[in-house]
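# Understanding the architecture of this molecule
Letter by letter, the chains look like this.
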There are 4 protein chains.
Amino acid sequence: MLRVGVIGYGYWGPNIVRNFSGLEGARVGMICDKSPEALKRAGKNFPGISLTADPGELVRSPEIDIVAVITPVWLHYELTKSALENGKHVFVEKPFTANAAQAEELIELAERKHLKIMVDHTFLFTGAVRKIRHLIDDGVLGDLFYYDSMRVNLGLFQHDINVIWDLAPHDLSIMNYLLKSKPEALVATGQSHLNGHENIAFITVYFPDKVIAHINVNWLSPVKIRTTLIGGEKKMLVWNDLSADEKIKVYDKGVDISTRENVYDLLVSYRSGDMWAPQVEQTEALKVELAHFLQCIHDDQTPINDGLSGLRVVQMLEAAEKSLQNRGGLVQL
Amino acid sequence: MLRVGVIGYGYWGPNIVRNFSGLEGARVGMICDKSPEALKRAGKNFPGISLTADPGELVRSPEIDIVAVITPVWLHYELTKSALENGKHVFVEKPFTANAAQAEELIELAERKHLKIMVDHTFLFTGAVRKIRHLIDDGVLGDLFYYDSMRVNLGLFQHDINVIWDLAPHDLSIMNYLLKSKPEALVATGQSHLNGHENIAFITVYFPDKVIAHINVNWLSPVKIRTTLIGGEKKMLVWNDLSADEKIKVYDKGVDISTRENVYDLLVSYRSGDMWAPQVEQTEALKVELAHFLQCIHDDQTPINDGLSGLRVVQMLEAAEKSLQNRGGLVQL
Amino acid sequence: MLRVGVIGYGYWGPNIVRNFSGLEGARVGMICDKSPEALKRAGKNFPGISLTADPGELVRSPEIDIVAVITPVWLHYELTKSALENGKHVFVEKPFTANAAQAEELIELAERKHLKIMVDHTFLFTGAVRKIRHLIDDGVLGDLFYYDSMRVNLGLFQHDINVIWDLAPHDLSIMNYLLKSKPEALVATGQSHLNGHENIAFITVYFPDKVIAHINVNWLSPVKIRTTLIGGEKKMLVWNDLSADEKIKVYDKGVDISTRENVYDLLVSYRSGDMWAPQVEQTEALKVELAHFLQCIHDDQTPINDGLSGLRVVQMLEAAEKSLQNRGGLVQL
Amino acid sequence: MLRVGVIGYGYWGPNIVRNFSGLEGARVGMICDKSPEALKRAGKNFPGISLTADPGELVRSPEIDIVAVITPVWLHYELTKSALENGKHVFVEKPFTANAAQAEELIELAERKHLKIMVDHTFLFTGAVRKIRHLIDDGVLGDLFYYDSMRVNLGLFQHDINVIWDLAPHDLSIMNYLLKSKPEALVATGQSHLNGHENIAFITVYFPDKVIAHINVNWLSPVKIRTTLIGGEKKMLVWNDLSADEKIKVYDKGVDISTRENVYDLLVSYRSGDMWAPQVEQTEALKVELAHFLQCIHDDQTPINDGLSGLRVVQMLEAAEKSLQNRGGLVQL
């Protein structure tokens, strides 16, 4: 039985407590929040769990094996470091840290202490992303051409970060997981209209072998859109995360290229066939993710969303930030 | 009665002939195409119109007042120039020319000869774009923040141009028409997967006063999408050109910014109200556009899509091409 | 402070407990279910509330002012009667009773005892239905022509009732609320394919002044549909209850009728204008409904969904059942 | 080469002329309309075809092998009879005739003269209906449970017929074609709001083996809906005729029924799997239909939409009319 301490009981914290509580092999032993109101809510929803306003008490407690850091990003480094130093495994919100140097230090520390870090890139554990990964692994799509995602809505303006740090980590972690190769460079553009932080931004990421990815994030959209196009040589798919029943549609559409003898021009011919919407697993992604963490600790395995994968996302965020300041200059990764 | 000669009877030419024929004040006197098969089709569909395989015959004919150049872009300069030199007004396909220098020369020539040029940016004459322009002119949207368009489908690969030259002219002309201010700089990224010409590309355009525009064009999408988000200070709209009945939806949604006394943070509050889909004029855009051309010739007025507006689009295409080669460097306009 | 006892802690019961608990002016004092497992869940979710397996204990308790009967329909009569006899107000699931005679007896009993009955036709308290009622009351739609509802999905087969008793009460109560006039007669058709109870059925209801209503209910549909068309002389609307943001769309469409002098034929001309999606209140309908019940008890007013309105629905269900047996004969109401 | 004479050049006539003209093995020799304006349009669109205002001239012409009767329904009987008497095959608009007696007489006459009748139930030749028929024939859906169609829009009010005679023939012919068995009885309800003819109506048709069909037709709907649900034992499908790319969606959803030993209740368990949208043939249905007619004449075969199938639709329309007058009484077929 692994005992979990959760730091941060705001919007996302209650989901962490509820899901760890529901898993065999874990129980939540302590909840920490500096807000008395948040602690009161925690006590009402989960009677029987110890409460504290002092994260130090939590990370030092001998009754805790895993610390979940569910706080704003600027607290991740400090809290994760202190948890690791006290011998705890750490589950930490995305983005992993505020910069790459912090992430590297934490990864090194965890390795030295033989502890696990999992960064909460929840989307990797949704039925949709797992299904797409299977389609790619099974060669259904063929060689990939592009990943193009639109993630916009009338959103909560963050006071400390821009729309890229808020929304892009989802797609960055997903594309790293799906495309498998290492991104080479990126370009980011965007604009801030209201409070000094960019509220609309566009990122292009160049991968090897002509694979290209693009992310469109926007806090000022009148409608919510969560749509990703993935184009492959053999098939192409549309993932609409807002669709209740048909999240993934796989199209037997594509282009075949050939050359005629003695002719310059390439011949491009089109294929157009059936569409197919595979059933997608409905289990709550967070539950699957936390179960994976428990399993990795138990078996001494590396989570697919370990510190290193969290670091890669932070590196891309930093690069995007740099490109954004240059109004779209190419930044090597 | 203005007499029209149409050069090029491929995919789009028949629509030009049909629409000019349907307008009072014009009739089509001659059709030119070098393909005997195309001329045969023209003769069958429009008996009574002279046919020729020689564009020289058409542009020199004293029976012709307007020359419509409906050919691939690399022929636009030569044919338009020759028509102007022979004293004809010119209606020319978009993009206007293959480079800005050609466009400038043609504009100068037309001015000298007191002739009109109209570049076929048909979209400006759709009910949807005219309605959006009215909404902007009437202040319904307030100050504009962004224009974000997605224009993707499984498309015809062009042998001589990339997806930007094929699809982006639509959005570039529309944004120039709607945003009214002069674009300052742009960034383009993209990739070619099949025949050496980019088949997927993303353009960010910076306008004054923090207005930003973005275009996503793709020939390799499994689904057809024609959706533009336009965000304003007061209201925001979604234009879905594929919707039969509700092409434009105006949302009473937005963000209000205020500052509390003695407090650093800006307060961002949300508005969310009714949605409204104004009825959109259904008249065929090409018909409205050609009628506008006849009217401008008659009244000696400047078309909204004159040579200068065509030149601005060509300049942006050239800039996008340059940025694309640099994998996303900023190019001043 | 009104004290509530809830009988039945299956699928819907927890929502009743949660919503009464959240309202000022009420608290849940006792929960009853004959299943030990249900009681265990209740105890876990709502510590501090008395539990019992004996409904008699609950209805007789002097600590209870309101009894909520959240059980299968065949238990409604007995439990409601016993609660009323013990001087409790009653909130009872829909349909009110298994037949009209039972409903009439209960209404008479409640009146004699000066107690309130509310039948849980939750839909009347949704933002959508309240908005439609306002549109009708304000004359926006003009005189009504029809109400046409489709309510289908791959549904839970009930063992004791058919799809009409399961799904039609929603639309019957809504149409009674919206159309305001008294239904005159109805016709029902349908078929049972699997377990002897009809799983697909269609009901037509005739109202005065040529108003007609139609309900399509189906447990064997591959897709979930919850769409109602309401046609009025001035405007028409579509209510799609599954739409997240645009549940109600009001169309400025319609038909005008005139007669030309000396001419037999009526002239029918069409109007087609803007569409408008009013914002719809998002508050949980059950919360609004229960607050209305508390208010009615407090002010000695009649709920809009009182026993009489519940009786009208039961009468229509009985008539539909009768018509169904006759494969569609007209049954007067 | 079969020579066609077309009587009636209103809304649909031009499509008949165009499609016969485009087929090998046929040419249109004469067009008849009593309106001089219609004849003028015909002459302009199809120069070289003889024109007449006298149907007698057309049906007696020795230059004509097939007469196409594209007129209002009250002229079908007279014109078809006269064409058959003159030894012509007849292609006639739906509904076949104004009553069943007329249809029977025409069928008998055609048989006696060894001539073919085809009734223009165009929908049977759409890619969608042919695909659904294949799915049924191949056993993909299993035994059928129901056919449920909604066919509504803001429609053209007909002066001489109600919405059932206008819109229901589509679904009646389709269901006869797909369900294959003979309908046993039907029930129709509806209402007339404006000009004395019903503008909204609902028909339930009982087929053998518990198969049930339902049609919802409405001229006063603010939105256009063309959606049919077809439920089978193995799979179920949704046919949305307004969808550009995904007209048919086949759902691997359903219900399995079993009985536990010693237990009354049937156990109903749900299946829910992938969805699949087969590609649907895009060829214009009318072209496929007319080619089928030419082939049937050439090979002396019976069209799938012969006089008999047209008669069955007329019988159902008459029965629906009768039921409608009785406000929903069951009418045996």
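Residues numbered from 1 in each chain as written. Chains lettered and ligands numbered in written order. Predicted model: local features only at pLDDT ≥ 70, side-chain atom pairs only at ≥ 80, totals over all residues. Heavy atoms only, no water.

### A look at the relation of the copies chain D and chain C
The relation between the two copies of this chain is a rotation about an axis and a shift parallel to it. Overlay of chain D on chain C (RMSD 0.0 Å): rotation 180°, translation along the axis 0.0 Å. Here the transformation between the copies is reduced to the relation of a two-fold axis. Identified as the residue of chain D closest to the rotation axis by C-alpha distance is G329 of chain D, at 2.4 Å. Interface overlap between copies is the fraction of interface residues in one copy that are interface residues in the other; for chain D against chain C it reaches 100%, indicating a shared surface. (Least-squares fit on C-alpha atoms with pLDDT ≥ 70 in both. Contact = heavy atoms within 4.5 Å.)

### Observations regarding the interface of chain B and chain A
Between chain B and chain A, the residue contacts involve 49 residues of the former and 50 residues of the latter. Both sides of the chain B and chain A interface together cover about 4700 Å² of buried area, and 69% of this is carbon and sulfur. Ranking the residues of chain B by area buried against chain A places Y206, P222 and R327 of chain B at the top, with a combined share of 14%. At the boundary of chain B and chain A, one finds 0 salt bridges. Summed over the shared surface of chain B and chain A, the number is 17 residue pairs in polar contact (both at pLDDT 80 or more). Counting residues per element, the side of chain B that touches chain A draws most heavily on strand β7 (residues 144–154) of chain B, at 6 residues. Partitioned by chemical class, the residues of the side of chain B that touches chain A number 27 nonpolar, 16 polar and 6 charged. (Buried area = accessible area lost by both parts, 1.4 Å probe. Salt bridge = Lys/Arg side-chain N within 4 Å of Asp/Glu carboxyl O. Polar contact = N/O pair within 3.5 Å; in protein donor to acceptor, adjacent residues only side chain to side chain. Helix = DSSP H or I, 4+ residues; strand = E, 2+ residues; numbered from the N terminus. Nonpolar A, V, L, I, M, F, W, Y, C, P; charged D, E, K, R; others polar.)

### Considerations on the sheet that holds strand β4 (residues 66–69) of chain A
Residues and elements named next belong to chain A. Taken together, 6 strands build an open sheet; the order of strands is β3-β2-β1-β4-β5-β6 and the sheet is parallel. Each having just a single partner strand, β3 (50–52) and β6 (117–120) make up the two edges of the open sheet. Taking the axes of each pair of neighbouring strands and ignoring which way they run, one obtains an average angle of 20° across the sheet. In terms of strand pairing, strand β1 (residues 2–7) meets β4 through 4 bridges, oriented parallel. (Pairing = 2+ DSSP bridges. Axes fitted to C-alpha atoms, helices over the stretch in contact; angles between N-to-C directions.)

### Side note on the packing of helix α4 (residues 76–85) of chain D against helix α5 (residues 100–113) of chain D
All names here are of chain D. Axis separation between α4 and α5 bottoms out at 10 Å; the angle between their running directions is 10°. Overall, the two elements α4 and α5 adopt an arrangement that is roughly parallel. Here α4 contributes Y77, T80, K81, L84 and E85 to the contact with α5, which in turn contributes Q102, E105, L106, L109, A110 and K113. (Parallel < 35°, antiparallel > 145°, perpendicular 65-115°, else oblique.)

### Notes on the pattern of salt bridges
Side-chain pairs of opposite charge can arise whenever the charged atoms involved come near each other. One pass over the structure, following the stated rule, counts 44 salt bridges over all chains. It is possible to trace a salt-bridge network through shared partners that takes in E246 and K249 of chain A together with E246 and K249 of chain D.

### Topic: the packing of aromatic side chains
To describe a pair of aromatic rings, one takes the distance between the centres and the angle between the planes. Under the definition given, this model contains 16 aromatic pairs over all chains. Ring plane angle 80° and centroid distance 6.4 Å describe the contact between F20 of chain A and F91 of chain A, whose orientation is recorded as edge-to-face. With F20 of chain A in helix α1 (residues 13–22) and F91 of chain A in strand β5 (residues 89–93), this pair connects stretches of sequence that are 71 residues apart. Accessibility classification places F20 of chain A together with F91 of chain A in one group, the buried group. Taken together, the aromatic side chains of F20, F91 and F293 of chain A make up a single cluster linked through ring pairs. Its guanidinium or amino end placed over the ring of Y206 of chain D, R327 of chain C lies 4.0 Å from that ring's centre, counting from NZ or CZ. (Phe/Tyr/Trp six-rings, centres within 6.5 Å; stacked < 30°, edge-to-face > 60°. Buried < 20%, exposed > 50% of the residue type's maximum accessible area, 1.4 Å probe, protein only. Lys NZ or Arg CZ within 6 Å of the ring centre and 35° of its normal.)

### Regarding the interface of chain D and chain C
Contact residues are listed per partner, giving 50 residues for chain D and 50 residues for chain C. Across the interface of chain D and chain C, roughly 4800 Å² is buried in total on both sides, 69% from carbon and sulfur atoms. For chain D, the biggest contributors to the area lost against chain C are Y206, P222 and R327 of chain D; these three give 14% of the whole. The interface formed by chain D and chain C includes 0 salt bridges.

### Focus: the relation of the copies chain B and chain A
For the pair chain B and chain A, the relating rotation is 180°, the translation along its axis is 0.0 Å, and the fit reaches an RMSD of 0.0 Å. Comparing contact sets, 100% of the residues at the interface of chain B also lie at the interface in chain A, consistent with an isologous, same-surface contact.

### Regarding the environment of V6 of chain D
Residue and element names in this part refer to chain D. With respect to the secondary-structure elements, V6 resides in strand β1 (residues 2–7). Spatially, the C-alpha atom of V6 lies 8.7 Å from that of D33, the residues being 27 residues apart in sequence. Setting aside residues no more than four positions away along its own chain, V6 makes contact with I16, V17, V28, M30, I31, C32, L58, A68 and I70.

### Quick notes on the pairing of strand β11 (residues 220–232) of chain C
Residues and elements named next belong to chain C. Counting buried residues along β11, 11 of its 13 residues qualify, which places the element largely inside the surrounding structure. Sheet topology note: the strand β7 (residues 144–154)/β11 ladder contains 9 bridges and is antiparallel. In the sheet register, R151 faces β11, and the bridge partner there is R226. By the bridge criterion, 5 bridges tie β11 to strand β12 (residues 236–240) in an arrangement that is antiparallel.

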